[in-house]
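Descriptive analysis of the structure
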Amino acid sequence: MAAVEVAGLRKVYRGGLRRRERRALDGLDLVVAPGEVHGFLGPNGSGKTTTLRILLGLVRPDAGEVRLLGRPVPAELAGAVPEIGSVVEAPRFFPSFSGRRNLDLLARVAGLEPARVDEALEIVGLADRARDRVKGYSLGMRQRLGIAQALMKRPRLLLLDEPTNGLDPAGIREVRRLMAHLASTGVTVLLSSHMLSEVQQICTSVTIVAQGRAVRTGTVDAVLAGDTAARVRLRVADPAAATAVLTEGGLTVAHQDDWLMVSGAVPSEVNRLLGERGIWADELGPDHADLEDVFLSLTQASQEIPPA
Ligand SMILES: Nc1ncnc2c1ncn2[C@@H]1O[C@H](COP(=O)(O)OP(=O)(O)OP(=O)(O)O)[C@@H](O)[C@H]1O
Ligand SMILES: [Mg+2]
């Protein structure tokens, strides 16, 4: 059973300026398997927040099916909610209360044991600073306090909208460590981001969304490798001899600075062809495509959402 299952989700926002309609979701499909840290990656305005709000029953879709932990939403939302932690709207905390006191209040409202507060603060690494006022917290600490609030109910599924927004590389690393830890304890995480590099660092699988539709989904490696033909780059002492051997083997070789670029092959195959002829490369490996380019090409033209 998938932790999140979304099929054919549609949402048009009506009203607003000059009563214009905005198509936020245009048949979105999304499947998150249990235990994944799944990135929901798309440019600004592609429908990420709308999707997460629909999952939480905060926005009603025009069409589509949603299941969370096997339960249809919104029909059985009440049954799913106790198992789902979320930070979708920027969480509000009382700035002059400590992080701990803020969570104590929220735990009391939710009817959770006080011990859950300490547990959550420990998991996000805020235990040391829990007695300080929230107004003295850094952005990263506030984000982690928000995640701690979501973790207090020991959720099986965590939904996070742009948890790395505004964080520096160290903060992103902390989020990555936290997500990996949660995944190791069996929590499924769905987190949105508009930054490819963050999803690459934090997530194991990804769905790329553009204009309210999923354009690609799978493991991070597979998705980001998907648009690039296999290429191998290598350096050898005698490029002419290597080129001859590889061309004879049916491969296409191009020269780029000091490197030979071999198309349509995997490294082991190139290695074997050369080794059989007694040619040993100084360096040889896959040529990683420019991942930013892959993302941009998949989401191109998505800055402009056409009217519904
Ligand atoms: N309450 C609303 N009323 C009208 N239009 C809305 C509303 N919320 C979102 N939209 C529109 O729906 C589209 C998708 O917005 P959404 O916030 O879901 O995108 P997003 O992927 O979260 O973007 P970002 O990366 O900027 O957070 C946008 O065109 C947005 O203007
Ligand atoms: Mg958003």
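Residues numbered from 1 in each chain as written. Chains lettered and ligands numbered in written order. Predicted model: local features only at pLDDT ≥ 70, side-chain atom pairs only at ≥ 80, totals over all residues. Heavy atoms only, no water.

Under the 1.5 Å per step criterion, the end-to-end length of helix α6 (residues 169–184) is 22 Å for 16 residues, consistent within 8% with the ideal 22 Å. Of all the residues in α6, the buried ones are Gly171, Ile172, Val175, Leu178, Met179 and Leu182. Projected down its long axis, α6 carries its buried residues within an arc of 120°, all on one side. Residues of α6 that are exposed and point more than 90 degrees away from the buried face comprise Pro169, Arg177 and Ser184. (Helix = DSSP H or I, 4+ residues; strand = E, 2+ residues; numbered from the N terminus. Expected span 1.5 Å × (residues − 1). Buried < 20%, exposed > 50% of the residue type's maximum accessible area, 1.4 Å probe, protein only. Arc of directions from axis to C-beta.)

Turning our eyes to something else, we now look at the site of ligand 1. Surrounding ligand 1, one finds Tyr13, Arg22, Ala24, Pro43, Asn44, Gly45, Ser46, Gly47, Lys48, Thr49, Thr50 and Glu162. In the model, an oxygen atom of ligand 1 is placed 3.0 Å from a nitrogen or oxygen of the Asn44 side chain. Within the contact set of ligand 1, an oxygen atom lies 2.7 Å away from a side-chain nitrogen or oxygen of Lys48. Protein chains bury 64% of the 640 Å² of accessible surface belonging to ligand 1 in isolation. If you list the elements that add at least two residues to the shell around ligand 1, you get β2 (22–32) and α1 (48–55). (Near = heavy atom within 4 Å. Polar contact = N/O pair within 3.5 Å; in protein donor to acceptor, adjacent residues only side chain to side chain. Areas by Shrake-Rupley, 256 points an atom, 1.4 Å probe, with all protein chains shown as cover.)

Domain boundaries assigned for the protein yield domain 1 (4–91 + 155–226) and domain 2 (231–288). The straight-line distance from the C-alpha centre of domain 1 to that of domain 2 is 41 Å. (Domains from an automatic or database assignment.)

We now examine the sheet that holds strand β13 (residues 259–263). Strand order in this open sheet of 4 strands is β12-β13-β11-β14, and the pairing throughout is antiparallel. If you trace the sheet from one side to the other, it starts and ends with β12 (252–256) and β14 (283–286), each paired once. Taking the axes of each pair of neighbouring strands and ignoring which way they run, one obtains an average angle of 20° across the sheet. In this structure, β12 lies alongside β13, joined through 5 bridges in antiparallel fashion. Bridge pairing in β13 places His255 opposite Leu260. Sheet strands touched by helix α9 (residues 239–248): β11 (231–235), β12 and β13. Its angle to β12, the strand with the most contacts, is close to 155°. Helix α10 (residues 267–276) contacts β11, β13 and β14 of the sheet and is inclined by roughly 150° relative to β14. (Pairing = 2+ DSSP bridges. Axes fitted to C-alpha atoms, helices over the stretch in contact; angles between N-to-C directions. Contact = heavy atoms within 4.5 Å.)

Let us now look at the packing of aromatic side chains. For the coordinates displayed, the defined rule picks out 1 aromatic pair. Relative to Phe97, the ring of Phe94 has its centre 5.2 Å away and its plane inclined at 50°; by these criteria the two rings are tilted. In this structure, Arg101 packs its charged tip against the face of Phe97, placed 4.0 Å from the ring centre. Above the face of the Trp259 ring, Arg233 is positioned so that its terminal group lies 3.9 Å from the ring centre. (Phe/Tyr/Trp six-rings, centres within 6.5 Å; stacked < 30°, edge-to-face > 60°. Lys NZ or Arg CZ within 6 Å of the ring centre and 35° of its normal.)

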